[in-house]
Amino acid sequence: PIKILNKEILNRLPYVMLHTAQCRHGLYFQDGERRVDYVLTYQVKKPSSSRARRHSSRFTDNALTRSLRRTRPQARSAKPDPEPGPQETSADHHEDDKRFRREEFEGNLREMGLELEKDEDGKTPGVGFVKIHAPWNVLCREAEFMKLKMPTRKVYEVKQSSSVMEKINTFISKVTDPLHPNVEENRIENVKHLSHPFSREKQHLFDLSDRDSFFDSKTRSSIVFEVLKRTKCTKSKFSMGITSLLGSGAYLAAYPLHDVRSEMAVTYLTLFQLLYEEWASYSVFYKYQPVGLIRKYFGEKIGLYFAWLGVYTQMLIPASLVGVFVFLYGCVTVDDDIPSMEICDSRRNITMCPLCDRVCSYWTLNSACGTARASHLFDNPATVFFSIFMALWAAFFMEHWKRRQMRLNYEWDLTGFEEEEDHPRAEYEFRVMQKSLKKEHKAQKVHTPGVGVRGGGVMNCHINVAVECCFQIGVTFAIVFGVILYRISTKAALHMSSNPTTRSNVRLTVKTTAAIINLVVILILDEVYGAVARWLTALEVPKTDKSFEERLIFKTFILKFVNAFTPIIYIAFFRGRLVGRPGSYLYVFESYRMEECAHGGCLMELCIQLSITMLGKQLIQNNLFEIGIPKLKKLIRYIKSKRSAFQEEEREKKLQRYETDFFLEPFAGLTPEYMEMIIQFGFVTLFVASFPLAPLFALLNNIIEIRLDAKKFVAELRRPVAARAKDIGIWYNILRGVAKIAVIVNAFVISFTSDFIPRLVYQYMFSPDGSMHGFVNHTLSYFNVSHFQNGTAPLEPEILGFSVDICRYKDYREPPWSPTPYEVSKQFWAVLAARLAFVIVFQNVVMLMSDVVDWIIPDIPKDISVQIHKEKILMMDLFMKEEQGKLQVLDNLTVDGEKENSSAHSPQLRPRAVSHTQSNSF
């Protein structure tokens, strides 16, 4: 129990206590003393009576059903059942086999020292429950085997540094005190217990005055789970542990219970209740997370995820402020941008070439005024600064997280922790069992000598997985190509419209609808690719959970990354590059002309695609799905039970705690949670030059995401088994890879997608007065309309009210009156050289600055390294004193023994010894 520090929680306590009081029963055995540390569930075969089947329900408790179940053996002995059919006999044999495995497994658990209690007559018909309790001796034994670090009696003072940075940190902590949750862990403690791996021989080192609370519920459940994984049932044909029993269906589920107790004093709350109030509530969205309590309840692995998510969200605050500043700078300077002013100047009657064949006609450049002004909001000199800033921001974020991770390792006693080899997965053991059965079956049917087992299965499986991954990536490319054809055909169709408003908004309509189509496809393929990645990983049958998780992460990341960023990469680097020129355009399927960028460049279109994809994924996939799917499942449960919401709540109040947790969703791992944040990190860093508001939208999303995940873990998921971990694993390497790629991507976006480099080249090489006046005319080439290919000239050539002989298009090419008409000009090569030079310089300078940041900031905070060193010295002193005490005791015993021996051989003492013996004999 955790003492309440906030009076507001006391005011809300009656509601919490009313809710938890309904789940009080089920946390202990029937004696009310032994705590339920783990629960196994299995299917109980229902009675064959048609009436019992008709009235039984998953959500009801029928007294008649229970009485039939109890009286079934007597009824069978009185009157035999009719002869069952072949299918029923097979099903009965299968159920008997499962029951045999369960009985043997549970007997082995009792031999391991665990205590079990069954319940088949609860309010959940068809489901039986095995409650497991680990007594003290089992907890001690397994804690020693697992090398669990536990706090000793020895405490030492944690001295605070007197440096300037420490004083600044103290001041900041006082200022941000209202942002901290109202829990006891936030109080700065000057003392810390020395921790040491638990040992039964050294129990005197630990404070065992309260054995019930020495091992908390998280530790107890992880110990029991370790025993369950290690225990086998061997009397059946194959050795099977709990993972195999779950995979074969002998057990339906295995889970620890949520620690919701209500029998404590009013001034105390359990960890569960405190997390519900101070973490899983939207009213505390502005506060820091109680990471220490999350770790105490869910374990280090989940605690590290939420700690990382908190650090990432905090680091988004400065990035958001700078991004907003860059956007506001573009808004303020848009009226002073000379190229935009030249495009919008109606006095400059520049006639542009048609955007498509036949149905599109000539148009004036000033009609692109809105697009040019909007492009300046994101394509301005501040964008380059922001790209450099975000690259350094990513380096600071990685270093800050490493330091935070080391601090948590010290606070959570994870220093020196090394992960051990995991137990085989259920699917792996089950597949091995199936293969063994097939081999035996073949051996019995085929007695021909020389027949062997076909090899190469593993190699073929890996080849099939690789081929399937390439096929799924090809599907993404095909869909992107389909969207390109949609844009081309829709643009031509809208230009044929008789509505002038429609024709004037062709570009905006096509851009927006194509981006929405891309978003819908991305959302659908995300779900498909998640299932495909899991299916492909299951085909490989990895041996351990760690191997399965790493392979699944790799496949899921590749597929979802390609799915999310392929449309964006196309717009950024390929659209408008493979177009050709008037009179010699590049066609797809000999009829679809490749699309061009707007005169302001493709950066505006890139911004639209990126913003719609990012916001759509966050609002629909990350938030709406996480809120809506649990509500939908609850609604389906109401419909199936044919009860109102009130009746359902009344039923849930009568359930035992282990029955309530059975209906919660099983924990599916942290991979989906990490994955959506990694994809978001890609949106924030990879193309941030085109969308400086991305960090702001990511920050707003994460503030909601943290509370959504918290509510999901506390109220909608079964309690996960606490897993130890000292880092976030492979995700850190993925983050570093994305951060490195982001530097290169932003360099190419600034250089090739935006007009930053062409403007610099014009200003310093071709401008007559060193200004940007004349830049627009400099970027436009000339085309003689008589050089159109047959069948491609506009159907309405005089739509502007006059005959057009020369039109302009954006490119660096020689004019038609040049000796080399329409060939690329020297300006093209000058701009290309400058672009390539910028990419090389930008990439190397920014990566060098990132490496300098990495080198300057140490991975381990100085105070933490000092405290770790101090702990080692104190532990050595503790053991030295213990050894000296043992030697002193041995010396005393030796001296006493020598004195006794000398007194026994002394002649003066012999009569007294005889008389003493004689007196004792009387």
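Keep in mind that this is a model prediction, so the values were computed, not measured.

What counts and how
Residues numbered from 1 in each chain as written. Predicted model: local features only at pLDDT ≥ 70, side-chain atom pairs only at ≥ 80, totals over all residues. Heavy atoms only, no water. Helix = DSSP H or I, 4+ residues; strand = E, 2+ residues; numbered from the N terminus. Buried < 20%, exposed > 50% of the residue type's maximum accessible area, 1.4 Å probe, protein only. Contact = heavy atoms within 4.5 Å. Areas by Shrake-Rupley, 256 points an atom, 1.4 Å probe, with all protein chains shown as cover. Pairing = 2+ DSSP bridges. Axes fitted to C-alpha atoms, helices over the stretch in contact; angles between N-to-C directions. Salt bridge = Lys/Arg side-chain N within 4 Å of Asp/Glu carboxyl O. Disulfide = S-S within 2.5 Å.

**Here's the deal with the overall build of the protein**
Along the protein, the regular secondary structure elements total 31 helices and 16 strands. When each of the 922 residues of the protein is scored for burial, the buried share is 48%. Of all intrachain contacts in the protein linking residues separated by at least 6 positions in sequence, the fraction that spans at least 24 positions is 82%. Accessible surface, the protein as shown: approximately 47300 Å² in total, 59% of it carbon and sulfur.

**Description of unusual backbone geometry**
Backbone geometry at Lys147 places phi at a positive 55 degrees, although glycine is not the residue there. Relative to the helices and strands, Lys147 resides in the loop between α5 (136-145) and β5 (149-157). You can call Lys147 exposed: its relative accessible area is 54%. One non-glycine residue, Asp413, lies in the positive phi region at around 60 degrees. Within the fold, Asp413 resides in the loop between α15 (381-411) and α16 (426-445).

**Thoughts on helix α10 (residues 271-278)**
Taken across its eight residues, α10 has seven buried, putting it largely inside the fold. Along α10, the positions that sit buried rather than exposed are Leu271, Phe272, Gln273, Leu274, Leu275, Glu277 and Glu278.

**A look at the sheet that holds strand β7 (residues 253-255)**
Strand order in the open sheet formed by four strands is β3-β4-β2-β7, and the pairing between neighbours is antiparallel. Edge strands, defined here as strands with exactly one partner in the open sheet, are β3 (115-119) and β7. Here the average twist between neighbouring strands, direction ignored, is 20 degrees. With six bridges joining them, strand β2 (residues 38-43) and strand β4 (residues 127-133) adopt antiparallel strand pairing. Each bridged residue has a counterpart across the sheet, and for Val39 the counterpart in β4 is Lys131. Contacting β2 and β4, helix α8 (residues 217-230) runs over the sheet at an angle of about 50 degrees to β2.

**Description of the pattern of salt bridges**
Scanning the model with the defined rule gives 36 salt bridges in all. Of the charged contacts, one joins Arg220 and Asp37 as a salt bridge, the two residues approaching to 2.8 Å between their closest N and O atoms. Here Arg220 is found in helix α8, whereas its partner Asp37 is found in the loop between α1 (7-21) and β2, with 183 residues between them in sequence. Across the pair Lys402 and Glu399 runs a salt bridge, and its minimum N-O distance is 3.1 Å. Of this pair, Lys402 and Glu399 are both found in helix α15, three residues apart, which corresponds to roughly one turn of the helix. Side by side, Lys402 and Glu399 carry an identical accessibility label, which is buried. Through salt bridges with shared partners, one network takes in Glu399, Lys402, Arg736, Asp854 and Asp859.

**Side note on the environment of His495**
Tracing the sequence through the fold places His495 in helix α17 (residues 457-495). Residues His495 and Val359, 136 residues apart in the sequence, show an inter-C-alpha distance of 6.3 Å. With near-sequence residues (within four places) excluded, His495 lies in contact with Cys356, Val359, Cys360, Arg503 and Val506.

**Comments concerning the state of the cysteines**
Counted by the stated rule, this structure contains three disulfides. Between Cys344 and Cys369 runs a disulfide, and the two sulfur atoms are separated by 1.9 Å. Handedness here is read from the sign of the S-S torsion; for Cys344 and Cys369, about 95 degrees, the answer is right-handed. Of this pair, Cys344 sits in helix α13 (residues 338-344) while Cys369 sits in helix α14 (residues 369-376), placing them 25 residues apart in sequence. Note on Cys344: relative accessible area 25%, which makes it partly exposed. Paired by a disulfide, Cys356 and Cys360 hold their sulfur atoms 1.5 Å apart. Where Cys356 bonds to Cys360 through sulfur, the torsion about that S-S bond is close to 85 degrees, and the disulfide is right-handed. Across the pair, exposure class does not vary: Cys356 and Cys360 are buried alike.

These results come straight from atomic positions and should not be treated as a statement about function.
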